Amino acid sequence: MLRLIIGVAAGYVLGAKAGRVRYEQISKTTRAISESPVTRKVVLMGRQKLADKLNTQPKLEPMVPLDERTTILVPQDQLRR
C-alpha cells in the first residue's frame, strides 16, 4: 500500500513539473493509440484467445457430413487420430 501511495505521489510531482503541454501531448497520443483500428483488432483477438482458453465447454470439430444437411460434431479430445 505504501508503494502505491509513493508511486501516486511521484507521478503527481513529475506530472506537475512537466506541465499542461506535456499532459496534452500524452493524452493525445494515448487517445490515438486506443482509437486505432489496429489496437482494437489486437484487443479483440486477445479477448477471443483468452475466452477460448477459459472456456470449459469442449471445442467441437465438424466431422464428415452424413448427408447434405447433417453434420456430426464431436469434442476435439474425442477425435480419433
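Look up a bit, the structure's there.
First, a word on scope: everything that follows refers to the structure included in this document. Because the structure is a prediction, the values reported are computed rather than measured.

### Quick word on the overall build of the chain
No. 1: Within the chain one finds two helices and two strands.
No. 2: Put simply, the chain runs from its N terminus to its C terminus through helices and strands in the order α-α-β-β.
No. 3: By residue count, 5% of the 81 residues in the chain fall in the buried class.
No. 4: Working note: accessible area of the chain is about 8,100 Å², and carbon and sulfur atoms make up 61% of it.

### Let's talk about helix 2 (residues 37–54)
No. 1: For helix 2, which comprises 18 residues, the first-to-last C-alpha distance of 26 Å matches the rise-based estimate of 26 Å (1.5 Å per residue) to within 8%.
No. 2: Sitting at the head of helix 2, Ser36 places a side-chain oxygen 3.2 Å from the backbone nitrogen of Val38.

### Brief notes about a nonpolar patch on the surface
No. 1: The grouping of Met1, Leu4, Ile5 and Val8 at the surface amounts to a nonpolar patch, some 470 Å² of accessible area in total.
No. 2: Relative to the elements of secondary structure, Ile5 occurs in helix 1 (residues 2–34).

The rules behind the values
- The residue count restarts for each chain, going from 1 along the sequence in the order it is written.
- Totals for whole chains, interfaces and linings use all residues, but because this is a predicted model, local features are given only for residues with pLDDT of at least 70 and pairs of side-chain atoms are given and counted only at 80 or more.
- Values shown for side chains rest on all heavy atoms present in the structure; no hydrogens or waters enter the calculation.
- Numbering of helices and strands starts at the N terminus; helices are DSSP runs of H or I of at least 4 residues and strands are runs of E of at least 2.
- Relative accessibility under 20% of the residue-type maximum defines a buried residue, over 50% an exposed one, and the middle range a partly exposed one, all with a 1.4 Å probe and only protein chains included.
- Surface exposure here means Shrake-Rupley accessible area, sampled with a 1.4 Å probe, where a residue is shielded only by the protein chains that are shown.
- Given the number of residues in a helix, its expected span is that number minus one, multiplied by 1.5 Å.
- N or O atoms within 3.5 Å of each other form a polar contact, as long as, within protein, one can give a hydrogen and the other can take it, and as long as residues adjacent in sequence are counted only when both atoms are side-chain atoms.
- Like-charged residues within 9 Å of one another, or nonpolar side chains (Val, Leu, Ile, Met, Phe, Trp, Tyr) within 5 Å, are grouped into patches, provided each residue has over 30% relative accessible area and no salt bridge.
- Should a side-chain nitrogen of Lys or Arg be within 4 Å of a carboxyl oxygen of Asp or Glu, the pair is scored as a salt bridge.

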